[in-house]
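Chain residues, written in single-letter form:
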Amino acid sequence: MMISESSFHHVAPVISSTSRESVFGERYVGTTTETRHFTKTSVGASPDIRTLNIVLDEYVASDVPRLEASARETERFGLRVARLTVPVGCRRDDHELASMCESGPFDLIFVRAPIERAGLGAELSRAAGREIRAVETLVYYEWDLAQSSSAPQQQSFRIESVVSFASLRLLIEESFAGYKNHYSANPLLSAAVTVDAYVEWAQTLLQGTSSRLLAACDESSGDPIGFVLSSVDSEARSAEVVLNGVSPKRQREGVYAGLMTATAQRLHADDGVLRLAI
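Residues numbered from 1 in each chain as written. Predicted model: local features only at pLDDT ≥ 70, side-chain atom pairs only at ≥ 80, totals over all residues. Heavy atoms only, no water.

## Concerning the overall build of the chain
Working step 1: Within the chain, the secondary structure is distributed over seven helices and ten strands.
Working step 2: Counting the 278 residues in the chain, one finds 52% classified as buried.
Working step 3: When contacts within the chain are restricted to residue pairs at least 6 apart in sequence, long-range pairs at least 24 apart make up 74% of them.
Working step 4: About 12,600 Å² of surface is accessible on the chain, with carbon and sulfur atoms providing 49% of the total. (Helix = DSSP H or I, 4+ residues; strand = E, 2+ residues; numbered from the N terminus. Buried < 20%, exposed > 50% of the residue type's maximum accessible area, 1.4 Å probe, protein only. Contact = heavy atoms within 4.5 Å. Areas by Shrake-Rupley, 256 points an atom, 1.4 Å probe, with all protein chains shown as cover.)

And the structure:
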């Protein structure tokens, strides 16, 4: 049995510029973020999407830890998979949390907890008798679109809002090949299945009416070389970057920065978004 542990580190700088540095650079391309700085739930999303705003609500607005079976991951990986979310305000000690994991019938548990709980992994290993792998620390940003403006920059690609899913799938497979996260760091899980999970996630997101896609396409071939998938909460006038990637062959050409700038501008102009979570 194994537990993969992710830390949660919440910071919220306002990104007021769209230079590569202020949008924290292409070294972060291909990462996924599960965050939200606001508390309303998304509207119009596909019902089987666990939207990011709900994820952060579990961290901030609740003090009750939740251990839940993950039917989708159980089916995908052929293991009994669960997720343990430990909110920021949780008052239960590490031993109680370990007991929750110990009593469950799961082969693999993904744990997400505040970074301040440095001893949780050791307690899970001791009390629950499981192998622990600390795999990633997530840092969250908020972009205030009401205060942001940028002049168009010369680009070697064009921005499109419609591309074929077949071409997007190829880009995702290329972007996430060898990508390190809580799936790929786990020896119980196939690397191929890990990439397939991102393809499935993108496909599911695109079925929701709250999703927005922008792709950077090569000027010559028209093939997508980068993409940003975001989710809009119309009521809260907010949005989140849910999934993004850039072809390894086209990194350090400003593709990510260009996509983020275009995403922010279009969300602000078309959907009235004032805050963008990254």
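The structure having been displayed, the exposition proceeds.
## With respect to the pairing of strand E7 (residues 211-218)
Working step 1: Extensive coverage of E7 is indicated by the burial of seven of its eight residues.
Working step 2: Across seven bridges, E7 lies against strand E8 (residues 224-233) in antiparallel orientation. Within E8, the position partnered with Ser211 by the bridge is Ser231.
Working step 3: Counting the residues that bridge the hairpin from E7 to E8 gives five residues, and of these Gly222 lies at a positive phi of roughly 80°. (Pairing = 2+ DSSP bridges.)

## A word on helix H5 (residues 165-176)
Working step 1: With twelve residues, H5 extends 16 Å between its outermost C-alpha atoms, agreeing within 8% with the 16 Å of an ideal straight helix rising 1.5 Å per residue.
Working step 2: Inspection of H5 places Ser167, Leu168, Leu171, Ile172, Ser175 and Phe176 among the buried residues, and these make up the whole buried set. One side of H5 holds all its buried residues, which, seen down the axis, span an arc of 150°. Turned more than 90 degrees away from the buried face of H5, the exposed residues are Ala166 and Leu170.
Working step 3: Gly178 lies just past H5 and shows a positive phi near 80°. (Expected span 1.5 Å × (residues − 1). Arc of directions from axis to C-beta.)

## Considerations on the nonpolar core
Working step 1: With 22 residues, the main nonpolar core has Met260 and Leu276 as its most contacted residues.
Working step 2: With seven residues, the top contributor of residues to this core is helix H7 (residues 255-271). (Core = buried A, V, L, I, M, F, W, Y, C linked by side-chain atoms within 4.5 Å.)

## Observations concerning the environment of Tyr179
Working step 1: Note on placement: Tyr179 falls in the loop between H5 and helix H6 (191-206).
Working step 2: Taking C-alpha positions, Tyr179 is 9.0 Å from Thr194, a pair spaced 15 residues apart along the chain.

## Some points on H6
Working step 1: The terminal C-alpha atoms of H6 lie 24 Å apart, and with 16 residues this matches the ideal 22 Å at 1.5 Å per residue to within 8%.
Working step 2: Restricting attention to buried positions, one finds in H6 the residues Thr194, Val195, Ala197, Tyr198, Val199, Ala202, Thr204 and Leu205.
Working step 3: The inward-facing, buried residues of H6 contact helix H2 (71-77), H5, E7, E8 and strand E9 (238-246).

## With respect to the pattern of salt bridges
For side chains of opposite charge, pairing can occur when their charged atoms come near one another.
Working step 1: Summed over all chains, the structure comprises 13 salt bridges.
Working step 2: Of the charged contacts, one joins Arg80 and Asp107 as a salt bridge, the two residues approaching to 2.9 Å between their closest N and O atoms. Residue Arg80 is found in the loop between H2 and strand E3 (81-85), and its partner Asp107 is found in the loop between helix H3 (94-103) and strand E4 (108-114); the two are separated by 27 residues along the sequence.
Working step 3: Look at Arg80 and you get partly exposed, because its relative accessible area is 46%. (Salt bridge = Lys/Arg side-chain N within 4 Å of Asp/Glu carboxyl O.)

## Quick notes on the side chain of Glu73
Working step 1: Its place among the elements puts Glu73 in helix H2.
Working step 2: Exposure remark for Glu73: the relative accessible area of 4% places this residue in the buried category.
Working step 3: Sequence-distant contacts of Glu73, defined by excluding residues within four places in its chain, comprise Gly78, Leu79, Val81, Arg83, Phe110 and Tyr183.

## Quick look at the packing of aromatic side chains
Working step 1: Counted according to the given criterion, the structure contains two aromatic pairs.
Working step 2: Plain terms: the ring middles of Phe176 and Tyr198 are 4.2 Å apart, the flat faces sit at 15° to each other, and that makes the pair stacked. Separated by 22 residues along the polypeptide, Phe176 in helix H5 and Tyr198 in helix H6 bring together distant segments of the chain.
Working step 3: Its relative accessible area of 4% is what places Tyr198 among the buried residues.
Working step 4: Aromatic ring contacts, followed pair by pair, group Phe176, Tyr198 and Trp201 into a single cluster.
Working step 5: The residue whose ring lies beneath Arg76 is Phe77, and the NZ or CZ to ring-centre distance is 5.7 Å. (Phe/Tyr/Trp six-rings, centres within 6.5 Å; stacked < 30°, edge-to-face > 60°. Lys NZ or Arg CZ within 6 Å of the ring centre and 35° of its normal.)

## Points about unusual backbone geometry
Working step 1: For Arg237, which is not glycine, the phi dihedral falls at a positive 55°.
Working step 2: Positive phi outside glycine occurs at Arg252, with the angle close to 65°.
Working step 3: Position of Arg252 relative to the elements: it lies in the loop between E9 and H7.
Working step 4: Residue class for Arg252 comes out exposed when judged on its relative accessible area of 63%.

These figures capture arrangement, not role.
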